[in-house]
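Inside the fold
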Amino acid sequence: MRRFFKWAVDDKKENEIALLKSVPLFNSLDKTVLRKLLTDLFKKDYAAGDIVFSEGDMGKALYVVMDGLVKIVKNTPEGDKTLAVLKPGSYFGELALIKESPRFASAVTEEKTKLLIMYKSYFDNLIRGDSAISSRILLNLVESLSSYICVNQDIDMGAPRE
């Protein structure tokens, strides 16, 4: 019975590592580093409808969706606008790793959800202590942010000007 339990636990960990490997921010990290992140980072379970953070809150962490769905919602004069619905393997709040600033939108769980949380303080310590890992994550972050800029620039360029 013990062997079976150990196998099930190991299988669950391997699935989490595979999921983390699929996250663009972490895809250049090897399994040993991913295992360390899974051990070091905070995991939190949320019920459906829980608010992860609200628009205007100070950003202090990056979130990775491990299980469930998270809706990103922007408050507009016309009402709440859904910007994205994030599934396992997605991440959000990445700007908080660079600078603590107010959140642009709110994050709300759509169903029972498990998030892996990397606080800015952990990332800052990682930069000071393990430059190889942090530089890979930073490079992936820059690539991710540059793709956002390109997409938004294409949207802005296509909009009629007055």
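This section reports on the structure supplied with the text. In this numbering scheme, every chain counts its residues from 1 along its sequence in written order. Only residues with pLDDT of at least 70 are given local features in this predicted model, and only at 80 or more are side-chain atom pairs given and counted; all residues enter the totals for whole chains, interfaces and linings. With hydrogens and water stripped out, all remaining heavy atoms of the structure feed into the side-chain values.

1. Remarks on the overall build of the chain
Put simply, the test is: Each helix corresponds to a stretch of at least 4 residues labelled H or I by DSSP, and each strand to a stretch of at least 2 residues labelled E; elements are numbered beginning at the N terminus. Burial here depends on accessible area, computed with a 1.4 Å probe over protein chains only, as a share of the maximum for the residue type. Under 20% is buried, over 50% is exposed, and the range in between is partly exposed. Contact criterion: two residues are considered in contact whenever any of their non-hydrogen atoms come within 4.5 Å of each other. Using a 1.4 Å probe, accessible areas were evaluated by the Shrake-Rupley method; residue-level cover was limited to the displayed protein chains.
Scanning the chain for helices and strands turns up four helices and eight strands. In the chain, the order of α-helices and β-strands from amino to carboxyl end is α-α-β-β-β-β-β-β-β-β-α-α. Classification of the 162 residues of the chain by burial places 36% in the buried group. Sequence-distant contacts in the chain: of pairs separated by 6 or more residues, those separated by 24 or more amount to 71%. Element-wise, carbon and sulfur atoms account for 56% of the exposed surface of the chain, whose accessible area totals about 10,100 Å².

2. Structural notes on the nonpolar core
Defined as follows: Here, nonpolar core refers to any group of buried Ala, Val, Leu, Ile, Met, Phe, Trp, Tyr and Cys residues whose side-chain atoms link them within 4.5 Å.
Ranked by size, the top nonpolar core spans 26 residues in total, and within it Leu20, Phe26, Leu37, Met118 and Ile137 carry the most contacts. Where this core is concerned, the elements lending two or more residues are α1 (2-22), α2 (31-40), β3 (61-67), β8 (113-119), α3 (120-129) and α4 (131-158). In this view, Phe26 contacts Leu20, Leu34, Leu37, Leu62, Val64, Met118, Ile137 and Asn140; residues no more than four positions away in its chain are not counted. Counting residues in hydrophobic clusters, the runner-up holds 14 residues, among them Tyr46, Ile72, Leu86 and Leu115.

3. Some remarks on the sheet that holds strand β1 (residues 42-46)
Just so we agree on the cut-off: When DSSP finds two or more bridges between two strands, those strands count as paired.
Here we have four strands laid out as an open sheet, ordered β1-β8-β3-β6, and antiparallel in their pairing. Strands at the two margins of the open sheet, each flanked by one partner only, are β1 and β6 (91-92). In the sheet, β3 pairs with β6 via two bridges, with the strands oriented antiparallel. The residue of β6 that forms the bridge with Val64 is Tyr91.

4. A word on the pattern of salt bridges
What counts, and what does not: The term salt bridge refers to a side-chain nitrogen of Lys or Arg lying within 4 Å of a carboxyl oxygen of Asp or Glu.
With the rule as written, the count across this model stands at seven salt bridges. Its salt-bridge partner being Lys36, residue Asp40 comes within 2.5 Å of it at the nearest N-O pair. Here the residue Asp40 and the residue Lys36 both occupy positions in helix α2, the gap between them amounting to four residues, near one helical turn. The exposure class assigned to Asp40 is partly exposed, which follows from its relative accessible area of 33%. A salt bridge links Glu55 to Lys74, with the nearest nitrogen and oxygen atoms 2.9 Å apart. Of the two residues, Glu55 sits in the loop between β2 (51-53) and β3 while Lys74 sits in strand β4 (residues 70-76), which places them 19 residues apart along the sequence. Shared partners join several salt bridges into a network, and the residues in it are Glu14, Lys31 and Arg35.

5. Some words on the sheet that holds strand β7 (residues 106-109)
For clarity, the cut-off: Think of each axis as a best-fit line through the C-alpha atoms, taken over the contacting stretch in the case of a helix, with angles from 0 to 180 degrees between the N-to-C directions.
Read across the sheet, four strands follow the order β2-β7-β4-β5 without closing on themselves; strand pairing throughout is antiparallel. Every other strand in the sheet has two partners, leaving β2 and β5 (79-86) as the edge strands with one partner each. This sheet shows a mean twist of 30° between the axes of neighbouring strands, independent of strand direction. The pairing of β4 with β5 spans seven bridges and is classified as antiparallel. Looking at β5, one finds that Ile72 is bridged to Ala84.

6. So, the packing of aromatic side chains
The description of an aromatic ring pair uses the distance of the two centres, along with the angle that the planes make with each other. Going by this rule: Ring pairs shown here join Phe, Tyr and Trp side chains whose ring centres sit within 6.5 Å, with only the six-membered ring taken for Trp; geometry is labelled stacked below 30 degrees between planes, edge-to-face above 60, and tilted in between.
The full count for this structure, using the stated rule, is three aromatic pairs. Note on Phe53 and Phe92: the rings are 5.8 Å apart at their centroids and 45° apart in plane angle, and the pair reads as tilted. Taken together, the residues span a long stretch of sequence, with Phe53 in strand β2 and Phe92 in strand β6 at a distance of 39 residues. Taken as a pair, Phe53 and Phe92 share a single burial class, namely buried. Relative to Phe92, the ring of Tyr63 has its centre 5.1 Å away and its plane inclined at 10°; by these criteria the two rings are stacked. You can see Tyr63 sitting in strand β3 and its partner Phe92 sitting in strand β6, a full 29 residues away along the chain.

As far as function goes, none of this settles anything; it's purely spatial.
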